[in-house]
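Each chain, letter by letter, is given below.
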Amino acid sequence: MTEPLLSIRGLRKTYATDKGLLTAVDGVDLTLARGETYALAGESGCGKSTLGKIVAALIAPDEGSVRFDGQELVGLSPARLRPLRRRVQMIFQDPFSSLNPRATVRRIIEEPLIVHGMRGRTERRRAVAEMMDRVGLRADAADRYPHEFSGGQRQRIGIARALILKPDLVVCDEPVSALDVSVRAQILNLLSDLQKELGLAYLFISHDLSVVQYMADKVAIMHLGQLVETAPRAAFWDAPRHPYSQALIRARPNPDPRRRLQDKPILEGELPSPIGKRQGCDFRSRCPLAFDRCTAEAPRLHTLGPAHRAACHLVEGAAAPSDA
Amino acid sequence: MISRNSLLGRFGRHYPAVAGITLLAAVTAMALLAPVLFPQGPWRMVGRPQLWPGADPRFPLGTDILGRDLLACLFYGARVSLLIGLSATLAATLVGTMIGAAAGFFGGKVDRWLMGFTEIFQTTPPFVLAVVVVAAFTPSLTSIIIAISLVSWPPLARLVRAQFLQLMPREFVLAGIVMGMSNTRLIVTQLLPNAITPIIVSSSLMIASAILLEAGLAFLGLGDPNAMSWGYMIGVGREVLRTDWYITTIPGLAVLLAVLAINLVGEGLNDALNPRSRNR
Amino acid sequence: MTPVLSISGLRARLRGPDPSAFVIDGLSLQVNRGEVVALVGESGSGKTMTAYSVLRLLPPAIQLTEGEIRLGGQDVVAMETRRLRDVRGTLASIIFQEPMTSLNPLMTIERQIAEMLLTHGKATRQTAPERVIELLELVRMPDPQTRAKQYPHSLSGGLRQRAMIAMALACEPQILIADEPTTALDVTIQQQVMKLLLDLRDQLGMAILLITHDLGVVAEVADRVAVMYAGRIVEEGPVVELLEAPRHPYTAGLLACLPEGVGDTGRLIEIPGLPPKPGSIPEGCRFAPRCPSATELCTRVTPETRTEGVQAFACHHPRMPA
């Protein structure tokens, strides 16, 4: 078997806060293949954004390993990291804060090329013009400033900036959640077209399961820093195994007027605090199926099929015996 | 034509700022014209001492206790005040920006260390510190400039640090890191351009406080004995303050007007550069 | 029966040199007792400004130029300020998207709700604390005694929104205007808050005007839907009919470009282009430049709103009814 593009093992990240130790990422394992979209979904504060930033080498983890194309990223010196950076890029959520307000669109898209030492102004200009065309920006946009554009247009600029270095992996951190519905469709289509054309792999972070369903080949659900379920597309949507995944899928607002909120079962209770020591299953306070063991013992991830894992005591019986 | 929304356009509609810039232009003209109008220099004792303004048409502003022409002194004084104001500000801005930028950018230990260092300077009253520094060296233009910049940079460092702390988590800065920018490049191309407005504004105001500091030092006799400054002039008139008050009042008014002018310009710059006030 | 809220011919424009910069341009809408009406649109469609105008909360940059707004039969537009203050909270209340910024960070939850009660003479200093706890219980605030003494920042987003709702309901308004009340919340919390609003509607019989961009939420909770585009309502009707068989191409487009609407091609349907900005509204039908079924007629003549069956729409080439 060939080496996966991205392989994450035992990743942990904590933050010291006034109230105690906050565990943002708590022992995450994940493997991403070339050209694949792996979605990371969960509620706010579940650690999905932190995980994305660790992969983009914006944050150093406390423990664990991030291997990109066979090379370990954790603990690499800035100089050794630089050549790898052009292969791992990032698209951000907020189209208004993700672009330097004092730079022209051309400058913003050209910057990565300058940073990575691409010589020849005309060559760079040509690359910028090509990329702008590819993401659907008009050529006359080049000399204007970010504030002159709408959210969707600005997100296109951010995409062009991320892709001009021809990366292998792009971390997309909620790339459409700040956009209007009609614009969202344009950007999602663009992202999936570019993925096919350029053979990109996406680590796609989103709280919106509808977007995840459209984009992702594989889905990972995070809850308080831990993966509670990872599954290939079909397995996730047809047979989600973790009660939290099931609840999230049910909670997703669906534009079907015959499925009214009053008839739906909903999750009661609040998310437990990520600060301090925790015992048992983190989801048990909201879980409709919780029983004694959930308080006493934290479930570990059980392998249920190819790339399908769930961390719940209830799936133990169905788990393949050889899980590791 | 200047468009209504251009920088100049916005500045131009700010009448106090226009008044300020006019005054400032006058002071600059005085500094530049001094050697042309008074080729003999400010130190020559050209007339009877303590001539009141208007008493002798040759000396429209009168003479001081040694019979030096107050008008000539005022013109030469503008040179020294502007020179000290500008150079001290420039030095303080450079130091303050570098320290503030480093603290804000690197954070953590570097930040704590640099801010601790900054606080040492801020806990001593600036004027007292300046007096100590100048007294420790021999009073000269250079030592005065060093002393003034030494006491002026801390507020600027704090300002730049605050700006950087605000900008660091912005996504375009993260994008710069992800694309592999070096720290220097990140600071120069992404952070500084977005922090420059308040730096410019507070630097422009710093010129005024530098002029005041210099006047204070010279008044206490800590001015450069070879430089005719407004502060020196005020100092000279000190002994005859009760009888010939015009000798201190004239340079005093000059300081007041120059400082006021610079403050007005600073305010105008602040309004013109601040994007939030653009659509008012 | 008079509707709780009735807006007719409302127009509002951006103050400034351009007299044609309308953000609301001839809008009429009614909300009846106990009804949940969703006002749907993208950002810049004017939906939030419509909500604000009901309580005369428009920002200074926007000026109401024409139209009538009646709350429980009383004319809000012409109302004098003192009377308006009485109306706010007792006839109509509003809750906002970000409860953190709409609650005063320096006051306890109890103080803020009590303030509301005292202002409107609904309680005395003595009775207020008890009434506050009742209200917090009404919005199913867990552990209301403790929460009442806390400041907004120590509450989670969901609980803050509950506190906000308790405050809005303190004077038992006949209509609650909810401006994207769950947009800032996680899906599971969003469901709790929406369900709470629906239960309160059943319990208190108040109407809800829900301002939202999310058709998923609309499908789950609304009785009636009005779709806004560039300052106008382009389609209105009962939720089932409107979402299952939209007549206006814009409504259809909004539904089609949701990821749930992915067709056989595996691609999302796009609505090309961007909504027009106030002041550069195209002539004729304002959706025509982005509309797949637009003809020459659409670029010339503004379509009148017409009613067929239970749906009303403003389109020259409506889609087929179900």
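Residues numbered from 1 in each chain as written. Chains lettered and ligands numbered in written order. Predicted model: local features only at pLDDT ≥ 70, side-chain atom pairs only at ≥ 80, totals over all residues. Heavy atoms only, no water.

Draft legend 1. How the structure looks around helix H4 (residues 121-134) of chain A. All names here are of chain A. Across its 14 residues, H4 extends 20 Å between first and last C-alpha, which sits within 8% of the 20 Å expected from 1.5 Å per residue. Looking at H4, one finds that the buried residues are Arg124, Val128, Met131 and Met132. All buried residues of H4 fall inside an arc of 100 degrees around its axis, so they share one side. The outward face of H4, more than 90 degrees from its buried face, is lined by the exposed residues Thr122, Arg126, Glu130 and Asp133. Contact partners of the buried residues in H4: helix H3 (105-115) and helix H5 (151-163). (Helix = DSSP H or I, 4+ residues; strand = E, 2+ residues; numbered from the N terminus. Expected span 1.5 Å × (residues − 1). Buried < 20%, exposed > 50% of the residue type's maximum accessible area, 1.4 Å probe, protein only. Arc of directions from axis to C-beta. Contact = heavy atoms within 4.5 Å.)

Draft legend 2. Geometry of unusual backbone geometry. Of note in the backbone geometry, glutamate 174 of chain A takes a positive phi value of approximately 50 degrees without being a glycine. The phi torsion at leucine 224 of chain A lies on the positive side, around 45 degrees, for a residue other than glycine.

Draft legend 3. Spotlight on the interface of chain A and chain C. Contact residues are listed per partner, giving 37 residues for chain A and 49 residues for chain C. At the junction of chain A with chain C, the criterion picks out four salt bridges. Between aspartate 223 of chain C and arginine 260 of chain A there is a salt bridge, and its shortest N-O distance comes to 3.6 Å. When contributions to the side of chain A that touches chain C are tallied by element, the ones reaching two or more residues are helix H6 (181-198), helix H7 (209-215) and helix H9 (243-251) of chain A. The greatest single-element share of the side of chain A that touches chain C, amounting to eight residues, is contributed by H6 of chain A. A breakdown of the residues in the side of chain A that touches chain C according to their chemical character gives 15 nonpolar, nine polar and 13 charged. (Salt bridge = Lys/Arg side-chain N within 4 Å of Asp/Glu carboxyl O. Nonpolar A, V, L, I, M, F, W, Y, C, P; charged D, E, K, R; others polar.)

Draft legend 4. Quick look at the sheet that holds strand E3 (residues 37-41) of chain A. Residues and elements named next belong to chain A. Taking strand neighbours across the sheet as the criterion, the eight strands line up as E6-E7-E8-E3-E9-E10-E12-E11 in an open arrangement whose pairing is mixed. Only two strands of the sheet have a single neighbouring strand rather than two, namely strand E6 (88-91) and strand E11 (302-305). Strand-to-strand twist in this sheet, taken as the mean axis angle between neighbours without regard to direction, amounts to 20 degrees. Sheet topology places E3 next to strand E9 (residues 218-223); four bridges connect them, and they run parallel. By the bridge assignment, alanine 41 is partnered in E9 with isoleucine 221. This element, H5, spans E6 and strand E7 (169-173) of the sheet and lies at about 175 degrees to E6. Each of E9 and strand E10 (226-232) is contacted by H9, which is oriented at about 105 degrees to E9, the strand it contacts most. (Pairing = 2+ DSSP bridges. Axes fitted to C-alpha atoms, helices over the stretch in contact; angles between N-to-C directions.)

Draft legend 5. Representation of the interface of chain B and chain A. Taken together, the contact between chain B and chain A spans 18 residues of the former and 24 residues of the latter. Broken down residue by residue, the surface that chain B buries against chain A is led by Glu171, Val178 and Met179 of chain B, which jointly contribute 39%. In this structure, the connection of chain B to chain A is made through one salt bridge. Here arginine 185 of chain B ties to glutamate 111 of chain A by a salt bridge, and the two come within 2.9 Å at their closest N and O atoms. (Buried area = accessible area lost by both parts, 1.4 Å probe.)

Draft legend 6. Examining the domain arrangement of chain C more closely. Each assigned domain of chain C is listed with its residue range as follows: domain 1 (93-172) and domain 2 (248-313). The C-alpha-based centres of domain 1 of chain C and domain 2 of chain C are spaced at 41 Å. (Domains from an automatic or database assignment.)

Draft legend 7. Layout of the nonpolar core. Within the largest apolar cluster, 66 residues are counted, with the highest numbers of intra-cluster contacts made by Ile109 and Ile159 of chain A. When residues of this core are assigned to their parent elements, the largest contribution, eight residues, is made by H6 of chain A. Residues contacting isoleucine 159 of chain A, with those up to four places away along its chain left out, are Ile91, Val135, Ile187, Leu190, Leu191 and Leu194 of chain A. Core analysis: the next-biggest nonpolar cluster, separate from the first, contains 45 residues, Val132, Leu159, Ala166 and Met167 of chain C among them. (Core = buried A, V, L, I, M, F, W, Y, C linked by side-chain atoms within 4.5 Å.)

Draft legend 8. Examining the pairing of E10 of chain A more closely. Residue and element names in this part refer to chain A. E10 sits mainly inside the fold: five of its seven residues count as buried. One ladder, built from six bridges, connects E9 with E10; its direction is antiparallel. Bridging from a neighbouring strand, histidine 223 pairs with glutamine 226 of E10. In sequence, E9 turns back onto E10 through a hairpin of two residues, with leucine 224 there showing a positive phi of about 45 degrees. Pairing of E10 with strand E12 (residues 308-310) involves two bridges; the strand directions are antiparallel.

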